[in-house]
Amino acid sequence: MIPLRRQLIVKEHGNLLYPEGTACADVLIAGDKGGSFASRVFYGLGLGSVYTLIQNSNAFAIVRETPTYNPSWLPGASLRAATTSEYLGVGYIIGPKIAGVIFAGGVFSWLVMMPAIKFFGSLVPTPIYPSTIPIGQMTSDQLWQYYIRYIGAGAVAAAGLITLVKTTPTIVAALRAGAADLRKTDARAAAREGEGRTSRDLPMTLVLVGSAVIVVLMWLFLTFKPVPGAPTGALANVIASVLVVVFGFLFVTVSSRIAGLIGTSSNPISGMAIATLMATCALFLLAGWTVAAYGALALTIGGTVCIAAANAGNTSQDLKTGFLVGATPSAQQKGLFLGVLASCFAIGITLIAMNKALEKFVPARIMVDVAHPSEGVNVEGTKEYNGRTYTLLNVIGSTTIAEGKYLADAATGKVELQWIQGIGSQDAPAPQARLMSVVINGILNRKLTWGLVLLGVFLVIAVKLLGIRSLSFAVGSYLSIGTTAAIFCGGIVRWLVERSTKTKTDDEASPGALYASGLIAAGGIVGLLAICVKLLAAAQEKVTWLGWFPTQWGKVGEKLGVAGSSALGMLAFAGLAFSLYYFARKPLETVPPAAPTLPPTKS
């Protein structure tokens with residue numbers, strides 16, 4: 001982004017608006033006026049934090065986290081809502097139209113497709129791949145896990161591809177602009193823009209040296225720390241490292257330009273990552289690299305390019321904000337380097353902790369020959385759990401056992417527990433990650449459930465022909481209806497506010513958007529703190545000084561006798577939604593500038 005700043009941020013100021021960066025600049029400028037801008041955010045943060053404490057299953061768990069209704073008159077269907085403050089805030093910010101389309105996707109999957117699968121599949125007494133359980137015995141959660149996720153993955157892939165095709169002119173223009181900008185020297189560009197503090201970037205030599213360092217580090221990583229079971233040659237590692245940098249620059253250019261046109265939140269990062277993965281896996285397939293370990297290698301290469309493209313959108317918004325308020329680009333770029341470095345640790349530690357806190361061990365009764373595992377069953381060493389040592393099995397692509405990790409008794413070979421990872425479970429479904437897994441395993445193993453995937457593809461085509469936002473609908477069809485229903489509630493609040501005030505609230509600095517931002521921050525911050533306390537509770541047996549509080553953290557609702565109350569949960573969520581409606585309609589107050597003080601006059 002350093003050599004592209006002048007081309008995309010400055011020279012195309014009128015064409016590329018970078019909506020989030022412009023909104024941040026507006027908030028910074030408006031903040032100088034004083035008033036209730038910050039207080040509105042802190043109101044949302046405060047009330048949202050209190051609500052998250054009583055609602056989050058990792059916190060006090062006073063009310064039910066996801067009120068659920070499974071209608072007996074429609075087997076296989078389920079209606080639920082993950083009543084979190086962040087989903088309510090997200091729904092308000094994206095608005096009723098997008099929230100409605102996302103919820104429509106959830107309704108189609110959970111109230112149409114799943115009952116249809118249950119109705120017809122109940123006539124078959126044996127399991128239908130990829131499930132290992134007869135459909136007649138499956139719950140709604142299992143129907144989503146074994147069938148809807150693959151249909152949704154196909155829908156998201158098709159919608160992402162359609163989005164990329166639609167933005168082809170933008171991609172071509174971005175590549176041309178980036179190539180043209182690189183042909184110009186840094187000195188000439190600075191001279192044309194005008195010398196001064198606000199036109200000072202980090203030197204181009206730093207960009208070139210940094211790119212060379214990336215190539216060397218990637219080569220060292222692939223050569224001396226290869227993925228176990230995926231050996232590659234030194235020359236192949238050099239080619240892969242250079243391609244990572246080249247494709248990284250290309251997708252950074254594309255990502256920045258698209259973010260400037262439609263915003264970072266609408267930037268099809270997952271589509272770019274999937275395109276990279278498909279190309280990488282196709283090359284691996286031609287080279288004969290089809291074992292499971294090469295899937296991890298493909299994800300490493302594609303993930304590096306994906307992170308570069310993801311950073312480009314946010315970096316562009318930050319540079320746009322600085323351009324509008326008169327910041328020094330080189331100082332911003334130094335700060336961005338520090339921010340990326342810090343995020344490597346902050347995001348990594350957070351995701352590891354989140355995966356640990358949300359993991360579950362559920363009973364499973366499956367016979368496996370550990371000494372001679374069947375196709376798709378991989379032995380990955382041992383795992384300690386509750387004082388016992390189990391054989392750890394990783395199942396990918398098996399026709400008899402559902403995908404996932406399992407703990408088997410080493411002596412009997414009998415699987416006793418399924419180790420459900422936190423990230424990828426229903427609590428944190430991670431749809432793009434699941435989609436990438438489906439693409440990698442499907443191409444390398446040539447066992448992709450194409451029938452289910454193609455259902456999702458043609459579903460998106462039908463939705464697109466109706467003139468509906470295909471990507472939003474596809475994401476909604478994949479996610480749990482609990483997530484989409486809560487987001488839709490936020491969209492309804494936005495619709496009610498706009499209807500009562502007779503005005504559109506598209507401004508990111510509007511009263512409702514500021515309050516909703518506080519709700520989102522509250523859900524994330526308090527939820528993360530609750531996960532940290534849960535980890536402390538898990539470690540209390542080994543760390544005696546932790547005391548009473550962590551282990552009793554999630555038992556408050558149980559002691560009060562209200563834990564698991566759906567009615568109380570819906571009532572609390574309705575109260576939070578009303579607070580959003582109230583603060584969204586309440587105008588922001590600005591403090592008038594103080595009158596100048598006149599010097600005293602002589603009497």
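So, here is what we can say about the structure in this document. This one's a predicted model, so the numbers in the text were calculated from it and none came from an experiment.

The number of helices and strands found in the protein chain is 20 helices and seven strands. Residues counted as buried form 44% of the 603 residues belonging to the protein chain. If you take every contact in the protein chain between residues at least 6 apart in sequence, the share linking residues at least 24 apart comes to 73%. On the protein chain, roughly 30000 Å² of surface is accessible, and the fraction owed to carbon and sulfur atoms is 68%.

Turning our eyes to something else, we now look at the environment of Met-1. Inspection of the secondary structure puts Met-1 in the segment before helix 1 (5–10). By relative accessible area, Met-1 is classed as buried at 18%. Between the C-alpha atom of Met-1 and that of Ser-256, which follows or precedes it by 255 residues, the distance is 8.2 Å. Excluding residues that lie within four positions of it along the chain, Met-1 makes contacts with Val-252, Ser-256, Ala-312, Thr-315, Ser-316 and Leu-319.

For the rest of this paragraph, the subject is the nonpolar core. Counting residues in hydrophobic clusters, the biggest one holds 30 residues, and the most contacted among them are Met-138, Leu-143, Tyr-147, Ile-148, Leu-393, Tyr-406 and Val-415. Only helix 4 (85–121), helix 5 (140–166), strand 5 (388–395), strand 6 (404–408) and helix 16 (481–501) provide two or more residues apiece to this core. Leaving out residues up to four positions away in the same chain, Leu-143 has contacts with Gly-76, Met-114, Ile-117, Lys-118, Ile-135, Met-138 and Ile-148. In terms of nonpolar packing, the next biggest core, distinct from the first, is built from 29 residues, Phe-251, Cys-281, Leu-297 and Ala-309 among them.

Moving on to the pairing of strand 4 (residues 377–385). Direction of pairing for strand 4 relative to strand 5: antiparallel, over a ladder of seven bridges. The residue of strand 5 that forms the bridge with Glu-384 is Thr-389. In this antiparallel pair of consecutive strands, strand 4 and strand 5, the connection spans two residues, and Asn-386 shows a positive phi of 55°.

Another point: the packing of aromatic side chains. Considering all chains together, one arrives at 15 aromatic pairs under this definition. Geometrically, the ring pair formed by Phe-108 and Phe-473 is tilted, given 6.3 Å between the ring centres and 55° between the ring planes. Within this pair, whereas Phe-108 is found in helix 4, its partner Phe-473 is found in helix 15 (residues 470–478), the two being separated by 365 residues in sequence. Judged by its relative accessible area of 26%, Phe-108 falls in the partly exposed class. The buried category is assigned to Phe-473, whose relative accessible area is 7%. Among the aromatic residues, those joined into a cluster by ring pairs are Tyr-43, Tyr-515, Tyr-582 and Phe-583. Above the ring of Trp-144, the side-chain terminus of Arg-149 is found at 5.3 Å from the ring centroid.

If you walk through the whole model with that rule in mind, you get seven salt bridges. With a shortest N-O distance of 3.0 Å, Arg-6 and Asp-201 are connected by a salt bridge. Of the two residues, Arg-6 sits in helix 1 while Asp-201 sits in the loop between helix 7 (186–193) and helix 8 (204–224), which places them 195 residues apart along the sequence. One exposure class covers both Arg-6 and Asp-201, and it is buried. The closest approach of N and O atoms between Asp-141 and Arg-80, which form a salt bridge, is 2.9 Å. You can see Asp-141 sitting in helix 5 and its partner Arg-80 sitting in strand 2 (residues 79–80), a full 61 residues away along the chain. Here the residues in one salt-bridge network are Arg-5, Arg-6 and Asp-201, joined through shared partners.

What follows is about the environment of Ala-402. By the element assignment, Ala-402 lies in the loop between strand 5 and strand 6. In sequence terms Ala-402 and Gly-376 are 26 residues apart; their C-alpha atoms lie 9.9 Å from each other. In contact with Ala-402, other than residues within four places in its own chain, are Thr-132, Tyr-146 and Val-395.

Now for the pairing of strand 6. Residues in a regular strand project their side chains so that they alternate between the two faces of the sheet. Where strand 5 lies against strand 6, five bridges are found, and the strand directions are antiparallel. By the bridge assignment, Val-395 is partnered in strand 6 with Gly-404. Bridge analysis of strand 6 against strand 7 (residues 414–420) gives four bridges, and the strand direction is antiparallel. Bridging from a neighbouring strand, Ala-408 pairs with Val-415 of strand 7. As consecutive antiparallel partners, strand 6 and strand 7 are separated by five residues, and within that stretch Gly-413 has a phi angle of approximately 75°, a positive value.

What follows is about the side chain of Ser-85. You can see Ser-85 is positioned in helix 4. Leaving out residues up to four positions away in the same chain, Ser-85 has contacts with Gly-48, Tyr-51, Thr-52, Leu-519, Ala-522, Gly-523 and Leu-576.

Each value, and the rule that gives it
Residues numbered from 1 in each chain as written. Predicted model: local features only at pLDDT ≥ 70, side-chain atom pairs only at ≥ 80, totals over all residues. Heavy atoms only, no water. Helix = DSSP H or I, 4+ residues; strand = E, 2+ residues; numbered from the N terminus. Buried < 20%, exposed > 50% of the residue type's maximum accessible area, 1.4 Å probe, protein only. Contact = heavy atoms within 4.5 Å. Areas by Shrake-Rupley, 256 points an atom, 1.4 Å probe, with all protein chains shown as cover. Core = buried A, V, L, I, M, F, W, Y, C linked by side-chain atoms within 4.5 Å. Pairing = 2+ DSSP bridges. Phe/Tyr/Trp six-rings, centres within 6.5 Å; stacked < 30°, edge-to-face > 60°. Lys NZ or Arg CZ within 6 Å of the ring centre and 35° of its normal. Salt bridge = Lys/Arg side-chain N within 4 Å of Asp/Glu carboxyl O.

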